[in-house]
Amino acid sequence: MSVSPMAYEAQFFGFTPQTCMLRIYLAFQDYLLEMMAVVEGVVLKKLEASPGGRVSRLDVRKSTEKFLRFMKDHFDQLFGKMEEVLLQLVLSIPPHVLLPEDRVHRQYPYSREQFQALQDEASHLQQRCRAEAAAGQALRAELQEQKAVQAELERILQWFEGLENTCREHGTSNVRESFAFLTQNSKKLQDVLKEVKEKSKKIKRGDE
């Protein structure tokens, strides 16, 4: 049997040519054994039909085994030649032939260094894609934050508009003047409250 791996042929056929030849060899061998068993059975029937014969069943078995070894030796020689022809002319792929899935290697040949450079470039691009995805996520988060701030500003503006409308209804058209007026009155109230607290303390001391 051939010891060449014939991996490219196995890729095409889906099995190794050596496996195919082994199955053929075993099939022929099984057929030879069956044939010899049939021949031996016929000879034994002939012997039973002629009781006066000098050949015993043991002699028939020995002769059958001897003939089987003779046939097997010749069969092995013939099969070796047949195997060589089949492996070279039928089950082999010529060196210049490429399978359809491998033709791309002929169209785009790359050395080991070029292939490694392509892998490095692909890894670099993958890292860039991840970085850009992370940056995009950060931008989306910032956009959400800006939307929240914008909503808060719009709420404050609406509050100011409502305050301005309220001031207009009470005769104050300028919001700044209204704030100044409120601040001044608040300060006056604080002064009055302070004065009341001081007088209250004096009264308590007088009672004591």
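To keep things clear, this report deals only with the structure shown in the data block. Starting from 1, residues in each chain are numbered consecutively following that chain's sequence as written. Only residues with pLDDT of 70 or above have their local features reported here, since the model is predicted, and side-chain atom pairs are shown and tallied only from 80 upward, although totals for entire chains, interfaces and linings are computed over all residues. Each side-chain value is derived from all of the structure's non-hydrogen atoms; neither hydrogens nor water enter the calculation.

**Some points on the overall build of the chain**
Along the backbone of the chain there are six helices and zero strands. Moving toward the C terminus, one meets the helices and strands of the chain in the order α-α-α-α-α-α. The buried share of the chain, reckoned over its 208 residues, is 12%. Two residues form a contact once any of their heavy atoms are found within 4.5 Å. In the chain, the share of contacts with a sequence separation of at least 24, taken over all contacts with a separation of at least 6, comes to 59%. Only the protein chains shown count as cover for residues, with accessible areas throughout obtained via the Shrake-Rupley method and a probe of 1.4 Å. Carbon and sulfur atoms form 59% of the exposed surface of the chain, whose accessible area is close to 17800 Å². Helix numbering and strand numbering both begin at the N terminus, where a helix is a DSSP run of H or I of at least 4 residues and a strand a DSSP run of E of at least 2. Accessible area is worked out with a 1.4 Å probe on protein chains only. A residue is then buried under 20% of its type maximum, exposed over 50%, and partly exposed in between.

**Regarding the nonpolar core**
Counting seven residues, the largest nonpolar core is built from Met 6, Met 21, Tyr 25, Phe 75, Phe 79, Leu 87 and Leu 91. Contributions of two or more residues to this core are made by helix H2 (17-49) and helix H3 (57-90). Sort the elements by how many residues they give to this core and H3 lands first, with three residues. In this structure, Tyr 25 is in contact with Lys 72, Phe 75, Asp 76 and Phe 79, ignoring residues within four places of it in sequence. What is meant by a nonpolar core is a set of buried Ala, Val, Leu, Ile, Met, Phe, Trp, Tyr and Cys residues, joined one to another through side-chain atoms within 4.5 Å.

**Here's the deal with H3**
Turning to H3, its buried residues are Val 60, Thr 64, Phe 75, Phe 79, Glu 83 and Leu 87. Looking at the packing, one finds that the buried side of H3 touches H2.

**Here's the deal with H2**
Between the first and last residue of a helix there are one fewer steps than residues, each counted as 1.5 Å, and that sum is the expected span. For H2, spanning 33 residues, the distance from its first C-alpha to its last is 48 Å, which sits close to the expected 48 Å at 1.5 Å a residue. Its buried side turned inward, H2 meets helix H1 (7-13) and H3.

**Observations concerning the packing of H2 against H3**
To get an axis, fit a line to the C-alpha atoms, keeping to the stretch in contact for a helix; angles then go from 0 to 180 degrees between the N-to-C directions. Between H2 and H3, the shortest axis-to-axis distance is 10 Å and the interhelical angle comes to 155°. Relative to H3, H2 is oriented roughly antiparallel. When you trace H2 past H3, the crossing you get is right-handed. Residues that form the contact of H2 with H3 fall into these classes: 20 nonpolar, two polar and seven charged. Throughout, the term roughly parallel applies to angles under 35 degrees, roughly antiparallel to angles over 145, roughly perpendicular to angles from 65 to 115, and oblique to all others. In this scheme the crossing of two helices becomes right-handed for a clockwise turn of the near helix relative to the far one and left-handed for an anticlockwise turn of less than a right angle. Under the grouping applied here, Gly and all other residues not named as nonpolar or charged are polar, the nonpolar ones being Ala, Val, Leu, Ile, Met, Phe, Trp, Tyr, Cys and Pro and the charged ones Asp, Glu, Lys and Arg.

**Re the pattern of salt bridges**
Definition used for salt bridges: Asp or Glu carboxyl oxygen within 4 Å of a side-chain nitrogen of Lys or Arg. The final tally for this structure, using the stated rule, is four salt bridges. A salt bridge links Arg 61 to Glu 40; the nearest nitrogen and oxygen atoms lie 2.6 Å apart. Taken as a pair, Arg 61 in helix H3 and Glu 40 in helix H2 lie far apart in primary sequence, 21 residues in all. The exposure class of Arg 61 is partly exposed, given its relative accessible area of 41%. As a salt-bridge pair, Arg 128 and Glu 132 come within 3.9 Å of each other at their nearest N and O atoms. One end of the pair, Arg 128, and the other, Glu 132, are both in helix H5 (residues 112-169), four residues apart, so they sit about a helical turn from each other.

**Let's talk about the environment of Glu 9**
Locating Glu 9 in the fold gives a position in helix H1. What makes Glu 9 buried here is its relative accessible area of 8%. Residues Glu 9 and Ser 92 lie 83 residues apart in sequence; the distance between their C-alpha atoms is 6.1 Å. Ignoring anything within four residues of it in the chain, the contact list for Glu 9 reads Gly 14, Phe 15, Pro 17, Leu 91, Ser 92 and Ile 93.

**Describing a nonpolar patch on the surface**
Residues enter a patch when their relative accessible area is above 30% and they make no salt bridge; the linking distance is 9 Å between like charges and 5 Å between nonpolar side chains (Val, Leu, Ile, Met, Phe, Trp, Tyr). Judged by side-chain polarity, Tyr 31, Met 35, Val 39 and Val 43 come together as a nonpolar surface patch covering roughly 350 Å² of accessible area. Looking at the secondary structure, you find Val 39 in helix H2. Using a relative accessible area of 41% as the deciding quantity, one classes Val 39 as partly exposed.

**Here's the deal with the packing of aromatic side chains**
In this analysis, rings of Phe, Tyr and Trp, with Trp reduced to its six-membered ring, are considered paired at centre separations within 6.5 Å, and the interplanar angle assigns stacked below 30 degrees, edge-to-face beyond 60, and tilted for intermediate values. On inspection of all chains with the given rule, the structure shows six aromatic pairs. An aromatic cluster is defined as three or more aromatic residues linked by ring pairs; in this entry it consists of Tyr 25, Phe 28, Phe 75 and Phe 79.

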